[in-house]
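Structural overview
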Amino acid sequence: MECRIPFSGRSIRYTEEEVAVVAECMRSAVPLTQGRFLHEFEQKFASYQGVEEGSCFAVCNGTCALELAAALCGIRPGDEVIVPSHTFTSSAYPFQKAGAKIVWCDVAEDTHVVDAATIARVMTPKTKAVVAVHLYGYMADMPSIVNLCHEKNVLVIEDAAQAIGCEFHGRKAGSFGDMAAFSFHSHKNLTTLGEGGMIYVQDKLKRQIVPMLRHNGHCAFPYERKDYWKPAMGNVDLPMVDGRTAWPANYCLGEAECALGAKLLDRIDSINDAKRQRALSFIDGLADCPELVFLREETRRHNYHLLVAAMTKGTEARDTFMRIMYHEHGIQCAVQYMPLNRYDYYARLGLSEASCPAGDRFFDTMISFPFHASLSDEDVAYMADRTKQTLLEL
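Residues numbered from 1 in each chain as written. Predicted model: local features only at pLDDT ≥ 70, side-chain atom pairs only at ≥ 80, totals over all residues. Heavy atoms only, no water.

So, about the sheet that holds strand 4 (residues 127-133). Pairing is mixed in the open sheet, where seven strands are placed in the order 1-9-8-5-4-2-3. The open sheet is flanked by strand 1 (56-59) and strand 3 (101-105), the only strands paired with a single partner. Strand-to-strand, the axes of this sheet are offset by a mean angle of 20 degrees, without reference to chain direction. As paired elements, strand 1 and strand 9 (residues 197-201) share four bridges and run antiparallel to each other. Its bridge partner lying in strand 9, cysteine 56 is registered against tyrosine 200. (Pairing = 2+ DSSP bridges. Helix = DSSP H or I, 4+ residues; strand = E, 2+ residues; numbered from the N terminus. Axes fitted to C-alpha atoms, helices over the stretch in contact; angles between N-to-C directions.)

In structure tokens:
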């Protein structure tokens, strides 16, 4: 059926000025990949994040950023990487591919993201790294997580795919960890024509090999050449991480996407702030509906990439609510992020066992409301009204 408010595959609408930036790049950029717009985007992103220049690298999507992070960990046989079971699959499988054993951890009951306590419960002497995911746009307590991990010489990778612009203790999501991955997918509050990503790398030595890892192992020859074309236009080599080979790939992001990303950084805070105010208004308008429990956050710790709630009446009531909202009112809610250990993919890898009751409970009762930035005020008011009406019917 045709929905009045679909769970959209696109978050924002571009301004004419942003469209013009892309059009001009199409006309003038030479080359169309790995040129000046890439470097401008990386520099502007680092400045926005408040991190050192040269520490951010644009890639073709957030999963590629996590693939690079996994390669930079220097994983050895027997190493374990802790990942929340309640997250998107890209948070986990790059580390499995790199040779780590995935260890599932739970999320906190009230925030639905990891914290130091849920991580500490599954840490062992074999723990090499922790993937701290800022899910739904809510930022995890990074100071306590970093303190815990660094006391035990464990790397911290922030999965900030959904958390662009979030802040905690005056610092941006993705600026606390040893590495961080961002996504500019079509669903995100900042999106570069459907796909795009960024990796932040704190360690200066590891930064040096990211361009090689990102672009097929390309690098300079280690000696002066009499003729620029001999023996070839450029060298290709295997990057090394902690004395081990790290396989390169092609994760480059095009110039048009980089030009747009740099331009969108000018208004990402206003996009996030507007979504937060709209979310708070929606949540407060349902304050007399105890059947739905939202995470309410007034500060920039939450960018409300998604607007989610738990149904206190259980799974069956949740499913009935969603059916009525969809079939009678044309509002397409969603259920997101089945715990990864419950997927066939991870079961086939021998990773079906997990003790993550909070993540399981939330998934089994959660509702994700349509909440793309381009929703009209009228649509949001209609959705709130129909939510109340449906809860009364139940």
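The next thing to look at is helix 9 (residues 268-285). Over its 18 residues, helix 9 runs 26 Å from end to end, which matches the ideal 26 Å to within 8%, given 1.5 Å per residue. Listed in full, the buried residues belonging to helix 9 are Ile268, Ile271, Asn272, Lys275, Arg276, Arg278, Ala279, Leu280, Phe282 and Ile283. Where the residues of helix 9 are buried, they touch helix 2 (36-49), helix 8 (255-264), strand 14 (292-294), strand 15 (307-311), strand 16 (366-369) and helix 13 (377-393). (Expected span 1.5 Å × (residues − 1). Buried < 20%, exposed > 50% of the residue type's maximum accessible area, 1.4 Å probe, protein only. Contact = heavy atoms within 4.5 Å.)

To continue, consider the packing of helix 1 (residues 16-28) against helix 8. Contact geometry for helix 1 and helix 8: axes closest at 9 Å, N-to-C directions at 150 degrees. On the basis of their axis angle, the class for helix 1 and helix 8 is roughly antiparallel. Once helix 1 is placed against helix 8, the crossing between them reads as right-handed. In this structure, helix 1 uses Glu17, Glu18, Val21, Val22 and Cys25 to contact helix 8, whose residues at the interface are Glu255, Ala256, Ala259, Leu260, Lys263 and Leu264. (Parallel < 35°, antiparallel > 145°, perpendicular 65-115°, else oblique. Left-handed = near helix turned anticlockwise from the far one by under 90°.)

Further remarks concern the packing of aromatic side chains. For any pair of aromatic rings, geometry is given as the distance between the ring centres together with the angle between the planes. Within the structure shown, the criterion is met by 15 aromatic pairs. Plain terms: the ring middles of phenylalanine 282 and phenylalanine 369 are 5.3 Å apart, the flat faces sit at 65 degrees to each other, and that makes the pair edge-to-face. Taken as a pair, phenylalanine 282 in helix 9 and phenylalanine 369 in strand 16 lie far apart in primary sequence, 87 residues in all. As far as the burial class goes, phenylalanine 282 and phenylalanine 369 line up, both buried. (Phe/Tyr/Trp six-rings, centres within 6.5 Å; stacked < 30°, edge-to-face > 60°.)

Once that is clear, we can look at empty space enclosed by the protein. One pass over the full model with this rule turns up one cavity of 30 Å³ or more. Looking at the largest cavity, its volume works out to about 70 Å³. By residue class, the composition of the lining of the largest cavity is eight nonpolar, three polar and no charged. (1 Å grid on protein atoms, 1.4 Å probe; cavity = no way out; pocket = protein on both sides within 12 Å on 5 of 7 lines; lining within 4 Å. Points joined across faces, edges and corners; volume = space filled by probe spheres on them. Nonpolar A, V, L, I, M, F, W, Y, C, P; charged D, E, K, R; others polar.)

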